[in-house]
Amino acid sequence: MSLALVLCVFTAVHMYIGARLVSLQVLPRSAAFPILAGLAVAMLGALFLARTGSGALPVRAVVWVGYSWMGMVLLLLIACLAGDLISLTFWVGQKLSFPIQPNTSLRISQFLLGAGALAGVWAMVQAMRSPEVHEVEVRVPNLPRSFEGYRLAHITDTHLSVLLRRAWSLNLVASVNAAHPDLVVHTGDIADGPVAALGPSIEPFAHLEAPRLFVTGNHEAYSGLGEWSMEMQRLGFTLLNNSHTVIERGGEKLVIGGIPDHNQANHIPTDLIDARKTFAGAPEGPRILLAHQPRSAFLVQGQSISLQLSGHTHGGQIWPFHYLVRLQQPMNAGFATVGDVPVFTSRGAGFWGPPLRLFARSEVPILVLRRG
């Protein structure tokens, strides 16, 4: 029943957009509906082919077209609905004898549709750009003097896939190395596909020049949790799963802990988030926690955590999903305090699904720790 409902909505949206393309004189009926039918089939095909992680050109072409259309449908739907709302307003105005020029609502609706399409193209360009590597200063209470200016590269949500492959990760690694971090952390959602297909795409991460840690995200569970955990460890990352590590510098210590994804226990019942276990036996001093989802902060209250680093949200990725993120997460991106836990959430380096980023630039923050 759920699948039937989704298919009904899917079909209705395409029929609506097709009807608006015809009524707004963008395409003739003979072209509009066959084109939309082909794009709809490509979208459905992309949902299945993307999971293979295959680099074959035909697979990449179908996934690119299908996923691009998935994002474009959202923007065109918003544009069409906005145009219809304006048309309705003008119709009411005419009934009330307001002086309204003929075809005004048509021209505005055509403009909105064009703006939606241009926004989609711009969002595609933004998604394929290299992530912005930039510094963010973070005040950490009781930070040892030896760690003043400590540079921590926060990578998350790389989502290596059919579309984001080895060339992209090579560039990412080069950019991170050029920032000279003291430590690299990856807070999950490494890839979308099996290690067998995407192993070569993640291999450049072995050439990160700083020590590296990681925690798992929800997409590892979809793509092979055990396999990706082993692969990241083979590449030199230390997995933190309800555990911590102690970094020493100048005779002083900084504790960094990590917990499994918020929903990982749905796949592995023993992988419940356990903050007490994570920091059991840890020395006194600042505690930094790696957690894929910002909302995990609700589960680690009262543990004297100085800073939580998270991803998962993609900063919304495609407007207006920025607002929908807040229905599930306590924040979208940047800094926020969740209970007694200060949380920094990155917009992420890659993208999931549609290769679009609208008003949510991809990033790799270099967190510069300062005594606070």
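Sequence positions are assigned chain by chain, starting from 1 and proceeding in written order. Reporting in this predicted model follows two pLDDT cut-offs: at least 70 for local features of residues, and 80 or more for side-chain atom pairs to be given and counted; totals over whole chains, interfaces and linings ignore these cut-offs and use all residues. Calculation of side-chain values draws on the structure's entire complement of heavy atoms; hydrogens and water are dropped beforehand.

## Comments concerning the pattern of salt bridges
Logical step 1: We count a salt bridge whenever a side-chain nitrogen from Lys or Arg sits within 4 Å of a carboxyl oxygen from Asp or Glu. Under the criterion given, the structure shown has 9 salt bridges.
Logical step 2: Glutamate 135 is the partner of arginine 151 in a salt bridge, and the nearest nitrogen-oxygen pair spans 2.7 Å. Taken together, the residues span a long stretch of sequence, with arginine 151 in strand S2 (residues 151-155) and glutamate 135 in strand S1 (residues 132-140) at a distance of 16 residues.
Logical step 3: Of the charged contacts in the structure, one is a salt bridge between arginine 234 and glutamate 231, with a shortest N-O distance of 2.8 Å. Residue arginine 234 and its partner glutamate 231 are located together in helix H8 (residues 225-234), separated by 3 residues, close to a single helical turn.
Logical step 4: Salt bridges sharing partners connect three or more residues here, namely Glu132, Arg347 and Glu363. The numbering of helices and of strands both runs from the N terminus, where a helix is a DSSP run of H or I of at least 4 residues and a strand a run of E of at least 2.

## Focus on the environment of leucine 272
Logical step 1: Positionally, leucine 272 belongs in the loop between strand S7 (252-258) and helix H9 (275-278).
Logical step 2: Only protein chains enter the calculation, and the probe is 1.4 Å; a residue is then buried if its accessible area is under 20% of its type maximum, exposed if over 50%, and partly exposed in between. Residue classification places leucine 272 among the exposed residues on the basis of a relative accessible area of 54%.
Logical step 3: Placed 13 residues apart in sequence, leucine 272 and isoleucine 259 show a C-alpha to C-alpha distance of 8.6 Å.
Logical step 4: Residue contacts are defined here by distance: any two heavy atoms, one from each residue, within 4.5 Å place the two residues in contact. Beyond its immediate stretch of four places on either side in the chain, leucine 272 contacts Asn242, Pro260 and Ala265.

## Side note on the sheet that holds strand S3 (residues 183-186)
Logical step 1: One requirement defines pairing of two strands: DSSP has to find at least two bridges between them. Strand order in the open sheet made by the 6 strands is S1-S12-S2-S3-S4-S5, with mixed pairing throughout. The two strands at the open ends of the sheet, each matched to only one other strand, are S1 and strand S5 (237-239). Averaged over all neighbouring strand pairs, the angle between strand axes comes to 25°, with direction disregarded.
Logical step 2: Sheet topology note: the S3/strand S4 (residues 212-214) ladder contains 3 bridges and is parallel. Each bridged residue has a counterpart across the sheet, and for valine 184 the counterpart in S4 is arginine 212. Here an angle of 0 to 180 degrees is reported between the N-to-C directions of two axes, which are lines fitted to C-alpha atoms, with helices fitted over the stretch in contact.

## Notes on the sheet that holds strand S9 (residues 307-310)
Logical step 1: In spatial order, the strands read S6-S7-S8-S9-S11-S10; together these 6 strands make up an open sheet with mixed pairing. Two strands lie at the open edges of the sheet, namely strand S6 (243-249) and strand S10 (334-338), each paired on one side alone. Strand-to-strand twist in this sheet, taken as the mean axis angle between neighbours without regard to direction, amounts to 25°.
Logical step 2: In this sheet, strand S8 (residues 287-290) lies alongside S7 in parallel orientation, the contact comprising 4 bridges. Following the sheet pairing, glycine 257 is matched in S8 by leucine 289.

## Some remarks on the pairing of S7
Logical step 1: Along S7, 5 of the 7 residues are buried, which leaves the element largely enclosed by surrounding structure.
Logical step 2: With 7 bridges connecting them, S6 and S7 associate as antiparallel partners. Following the sheet pairing, threonine 245 is matched in S7 by isoleucine 256.
Logical step 3: Hairpin geometry of S6 and S7 is characterised by an intervening segment of 2 residues between the two adjacent antiparallel strands and by a positive phi of about 60° at glycine 250.

## So, H8
Logical step 1: Within the span of H8, buried status applies to Leu225, Trp228, Ser229, Glu231 and Met232. Within H8, the buried residues cover an arc of 165° as seen down the axis, which keeps them to one side. Exposed positions of H8 whose direction lies more than 90 degrees from the buried face are Met230 and Arg234.
Logical step 2: Contacts made by the buried residues of H8 are with S3, helix H6 (195-202), S4, helix H7 (218-223) and S5.
Logical step 3: Note on H8: the residue one or two positions beyond its end, glycine 236, has a positive phi of about 100°. This arc describes the spread of directions from the helix axis toward the C-beta atoms.

## A few points about the nonpolar core
Logical step 1: By size, the foremost hydrophobic cluster in this structure holds 35 residues, and its most contacted members are Val176, Ile202 and Phe205.
Logical step 2: Counting only elements with at least two residues in this core, the list comes to helix H3 (57-95), S2, helix H5 (166-178), H6, H8 and strand S12 (363-371).
Logical step 3: For this core, the leading source of residues is H5, giving 4 residues.
Logical step 4: Those residues within four positions of valine 176 in sequence are excluded, and the remaining contacts are Ala153, Ile155, Pro181, Val184, Leu208 and Val364. As used in this record, nonpolar core signifies buried Ala, Val, Leu, Ile, Met, Phe, Trp, Tyr and Cys residues forming a set joined through side-chain atoms within 4.5 Å.

## A closer look at the packing of H6 against H8
The geometry of a pair of packed helices is captured by two quantities: the angle between their axes and the separation between those axes.
Logical step 1: Running from N to C, H6 and H8 cross one another at 25°; their axes reach a closest spacing of 11 Å. Here H6 is positioned roughly parallel relative to H8, judged by the angle of their axes. Every pair of crossing elements has a handedness; the one defined by H6 and H8 is right-handed. In this structure, H6 uses Val195, Leu198, Gly199 and Ile202 to contact H8, whose residues at the interface are Glu227, Trp228, Glu231 and Met232.
Logical step 2: Among the residues forming the contact of H6 with H8, the class breakdown is 5 nonpolar, 1 polar and 2 charged. Roughly parallel means an angle under 35 degrees; roughly antiparallel, over 145; roughly perpendicular, 65 to 115; everything else is oblique. Crossing handedness is defined as follows: a turn of the near helix away from the far one that is anticlockwise and smaller than a right angle gives a left-handed crossing, while the clockwise case is right-handed. Note on residue categories: nonpolar means Ala, Val, Leu, Ile, Met, Phe, Trp, Tyr, Cys or Pro, charged means Asp, Glu, Lys or Arg, and polar means any other residue, Gly included.

## Here's the deal with the packing of aromatic side chains
Logical step 1: By convention, a stacked pair of Phe, Tyr or Trp rings (six-membered ring in the case of Trp) has centres within 6.5 Å and planes under 30 degrees apart, an edge-to-face pair has planes over 60 apart, and any other such pair is tilted. Taken as a whole, this structure holds 5 aromatic pairs when the rule is applied.
Logical step 2: When the centroid spacing of 6.1 Å and the interplanar angle of 50° are considered together, the rings of tryptophan 122 and phenylalanine 359 count as tilted. Here phenylalanine 359 lies in the loop between strand S11 (341-345) and S12 and tryptophan 122 lies in helix H4 (residues 104-128), a separation of 237 residues in the sequence.
Logical step 3: Taking relative accessible area as the criterion, phenylalanine 359 reaches 57% and is therefore assigned exposed.
Logical step 4: Aromatic rings pair up to connect Phe205, Phe214 and Phe237 into one cluster.
Logical step 5: Distance and angle both matter: a charge sits over a ring if NZ of Lys or CZ of Arg is within 6 Å of the ring centre and within 35 degrees of the ring normal. Taking the ring centre of phenylalanine 237 as reference, the NZ or CZ of arginine 212 above it sits at 5.8 Å.

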